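Given next are the chains, with one letter for each unit.
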Amino acid sequence: MQKAENIKKYKREVDGALANDFLRLAMDKFAVAYRGSRENVFSGMDVNGIIAEVAGAKDAAIARMDELYELFKQNAEKAGITVHLAETALEANEIICKIAKDNDVSKIIKSKSMTAEETLLNHHLEANDLEVTETDLGEWIIQLRHEGPSHMVMPAIHLSRNQVGELFTDVTGKQQPSEDIDHLVKVARQQLRQKFIEADMGISGANFALADTGTLGIITNEGNARLVTTLPRVHVALVGLEKLMPTLHDALTVNRVLPRNATGQAITSYVTWISGPNECKADATGRKQMHIVFLDNGRRKLAKDPVFSQVLRCVRCGACANVCPVYRMVGGHQMGHIYIGAIGLIMTYFFHGRDKAKNLVQNCINCGACKSVCAAGIDLPGLIKEVHARILDETGHPLTSVMLSKVMQSRELFHRFLRYASFAQKPVVGKTGYIRHLPMIFAREHDFKAIPAIAERPFREIWESVRPSVENPRYRVALFSGCVQDFVYPEQLVAGLQAMAGHGVAVDFPMDQNCCGLPLQMMGEKSAAREVAAQNVAAIDPDQYDYIVTLCASCASHLKNAYPKILDPDSIAGTKAKQFSDKIISFSSFMNDVIQVRQDEFTRSDETVTYHAPCHLCRGLGVKDAPHELIQKAGVFAPAQEEETCCGFGGTYSGKFPQISKEILNRKLDDVKQTGADILVTECPGCVMQLRGGAEKRCDSFRVLHMAEFLAKQRK
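Being a predicted model, the structure only gives us computed values, none of them experimental. (Residues numbered from 1 in each chain as written. Predicted model: local features only at pLDDT ≥ 70, side-chain atom pairs only at ≥ 80, totals over all residues. Heavy atoms only, no water.)

Colleague: Quick question: what am I supposed to make of the pairing of strand β17 (residues 679-682) here?
Modeller: Consecutive side chains of a regular strand alternate in pointing toward one face of the sheet and then the other. What you see with β17 is no split at all: I679 and V681 on one side and L680 and T682 on the other are buried throughout. As paired elements, β17 and strand β18 (residues 703-706) share four bridges and run parallel to each other. Note that in β18 the partner of V681 across the bridge is L705. Since β17 and β18 lie parallel, the crossover through helix α36 (residues 685-698) that links them has a hand, and here it is right-handed. (Buried < 20%, exposed > 50% of the residue type's maximum accessible area, 1.4 Å probe, protein only. Helix = DSSP H or I, 4+ residues; strand = E, 2+ residues; numbered from the N terminus. Pairing = 2+ DSSP bridges. Right-handed = clockwise from strand over helix to strand, strands pointing away.)

Colleague: Honestly, the packing of helix α31 (residues 587-595) against helix α33 (residues 625-634) in this entry has me stumped. Any pointers?
Modeller: The packing of two helices is summarised by the inter-axis angle and the distance between the axes. Contact geometry for α31 and α33: axes closest at 9 Å, N-to-C directions at 65°. Crossing hand, α31 versus α33: left-handed. Taken together, the residues of α33 that come into contact with α31 (itself represented by S588, S589, M591, N592 and D593) are A626, P627, E629, L630 and K633. In terms of residue class, the contact of α31 with α33 is made up of four nonpolar, three polar and three charged. (Axes fitted to C-alpha atoms, helices over the stretch in contact; angles between N-to-C directions. Left-handed = near helix turned anticlockwise from the far one by under 90°. Contact = heavy atoms within 4.5 Å. Nonpolar A, V, L, I, M, F, W, Y, C, P; charged D, E, K, R; others polar.)

Colleague: Looking at this structure, how should I read the domain arrangement of the chain?
Modeller: The figure often quoted for interface size is the accessible area lost as the parts come together. Segmentation of the chain into domains returns domain 1 (7-31 + 318-393), domain 2 (64-159 + 200-300), domain 3 (434-593) and domain 4 (597-714). Spacing between the C-alpha centres of domain 2 and domain 3 amounts to 51 Å. (Domains from an automatic or database assignment.)

Colleague: Explain the sheet that holds strand β12 (residues 505-508) to me, please; I cannot follow it from the model alone.
Modeller: Strand pairs in the sheet, formed through backbone hydrogen bonds, run parallel or antiparallel to each other. The four strands are arranged β12-β11-β13-β14 in an open sheet whose pairing can be described as parallel. Looking at the sheet topology across the chains shown, the edges are occupied by β12 and β14 (584-586). For this sheet, the mean inter-axis angle between neighbouring strands, taken without regard to orientation, is 40°. Direction of pairing for strand β11 (residues 475-480) relative to β12: parallel, over a ladder of four bridges.

Colleague: Looking at this structure, how should I read the pairing of strand β15 (residues 608-611)?
Modeller: Alignment of β15 against strand β16 (residues 636-637), held across two bridges, turns out to be parallel. Considered in β16, the bridge of V609 is made with F637. Of the strand pairs in this sheet, β15 and β17 are connected by three bridges, and their pairing is parallel. Paired with Y611 across the strands is V681, a residue of β17.

Colleague: I keep staring at the environment of G430 and nothing clicks. Help me out?
Modeller: With respect to the secondary-structure elements, G430 resides in the loop between α22 (411-424) and α23 (440-446). In this structure G430 comes out as buried when scored by relative accessible area, which is 16%. Separated by 222 residues in the primary sequence, G430 and F208 place their C-alpha atoms 62 Å from one another.

Colleague: Honestly, the pattern of salt bridges in this entry has me stumped. Any pointers?
Modeller: One side chain can pair with another of opposite charge once the charged atoms of both are near each other. Here the structure, examined in full by the defined rule, presents 44 salt bridges. For E279, the salt bridge goes to K281, with nearest N and O atoms at 3.1 Å. Residue D508 pairs with R467 through a salt bridge whose shortest N-O separation is 3.4 Å. Of the two residues, D508 sits in strand β12 while R467 sits in the loop between α24 (459-466) and β11, which places them 41 residues apart along the sequence. Classification of R467 as partly exposed rests on a relative accessible area of 39%. (Salt bridge = Lys/Arg side-chain N within 4 Å of Asp/Glu carboxyl O.)

Colleague: Got a minute to help me understand the nonpolar core in this structure?
Modeller: The tendency in soluble globular proteins is for nonpolar side chains to be buried side by side. Residues L216, F294 and I660 are the most contacted members of the largest nonpolar core, which totals 102 residues. Non-local contacts of L216, meaning those with residues more than four positions away in its chain, are made with F72, A206, F208, A209, A237, V239, T272, W273, I274, M290 and I292. With 81 residues, the next largest nonpolar core counts F459, C618, C687 and M707 among its residues. (Core = buried A, V, L, I, M, F, W, Y, C linked by side-chain atoms within 4.5 Å.)

See the structure below:
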């Protein structure tokens, strides 16, 4: 469980995880293997269509939560099941404890249940002198180690076989060979078999609760849940209210994606349906006693929240952790309290409170990988940012964040600040264009990459000298630069103009444009983000242009996807924001799909080129083919295995968590080196800053170019 009292202590815990070599290796192997397995198991399927079906089915059930509960209760009680409703985690624990006491239970076996983890059920039962044994292998291992799960599906993924072998040696009092995994499994089976036989009560969770028949559905791989629910004379299921679904058809819709997304399996080893108590010779009545405890714990209130109700769509597949670059570096104990991964950062706030969530929600790099694989289409990064903003509103915004947001809301003041910074940096800028050394307060954690200097003259100052003159243009385009290209990399914008030259593109650069607002959104400064969005929509009239082109993928994604949401859609500004976002296009899409540049326009050299897909381009905008096709027209393409894996920049994230950013970057650069490419091309100035700075520091042999620089360089 995550218990750090403040962000400083949390960062120390993160450092500890980063220093755990086995954890890093295990997470890395799993991330690579999972990507391939998931791709294979979904091959030939309409994944987006299935996800939309799941989201629709879950939303419909969530909207009918109270009605479905009453229907389930009515049908379950007809079948002889006793149904309870617990308002809180403590109430659920007390109900289950009372059932145990009323039935003279002393020994309990349990199958895996995240809902029971949520209520800390084991702690409560053990405090009441009840013996509880977890029977899922991973859960049993972490129970013996007195730890929480580090993954919702694979709770002991952070442990090596040697650690498990040593643990089993202690438990059995005999030396156990850790190199023989089959032997370790047999040891666990022997130890647990006696627990199954002796148990008076079995406690399970459930994946589905079908209202029309009062049936529970349980999806497992180990078979222990069947023993838990059938052998003891009392069975208690602890089930979250969000597991209620109208019919079997709805449950099967979810089950088409759940095992595929969780472990890359088409179907799990066991799919169990329970519609009432079975025969039980150990009970005087001849039948098992069966209880179902539904847990609210804030779910009914959450179901009515217009923004956060989608959290209840979660099917607990754990895929959001599987693809998270931060989870890959630090594991689950630093990426959740009870619930792990992106969904865990959100659920922690609602189920366990603000204090447990306040540090965790800051550890999101906003790469969008979680959203792209979510089985229920939940906007995970958007909700994480929303939780962060709520916590700041409740506890107060940091002074530095408030001051920075004030500065950025005033374009003139912000740009004046950047110009002063350009002047002030001169004593520490070397001939290479990088800052020679950082102030000491930053140097220790941020020296893993070379930091570029602010340009002597921003793009807006040289605009009139580079402005193209085009008669009878085919396209009228507004250029949105973003802060980094305007003030740090103006040469990328100049290269973009050179790449467009000769194609009848009349380019304008509206001077009143400001920061896109994404950094403010990441800091939780929603009001300031809304203000700069309104400024930009006012600065660039979409009616005057065919397209608004931006060479920054992060800006493009924020302008296109966020503006229509953060500006009131019913207001004039909101209507304009929709028109504005409709005109936004990435540079590579404009060059490849609109202008349709040809191969014969470029000089192809022998240099090989690999590509890093910016998160906000490949996932935020869904642009994947255009960059590949442009590189193939202008050079020799050498694809990288981890092309779509985040580079570790994440805007303000790299500044806040430099130790994680560094490790993600090194993994990325190692992958680039394996391609043997001479040039690494990308399409976001933030990625360029991270990758070029890292490669410079490591003395890697390849060059890092923005797509515009690459195309301009290769033009005949």
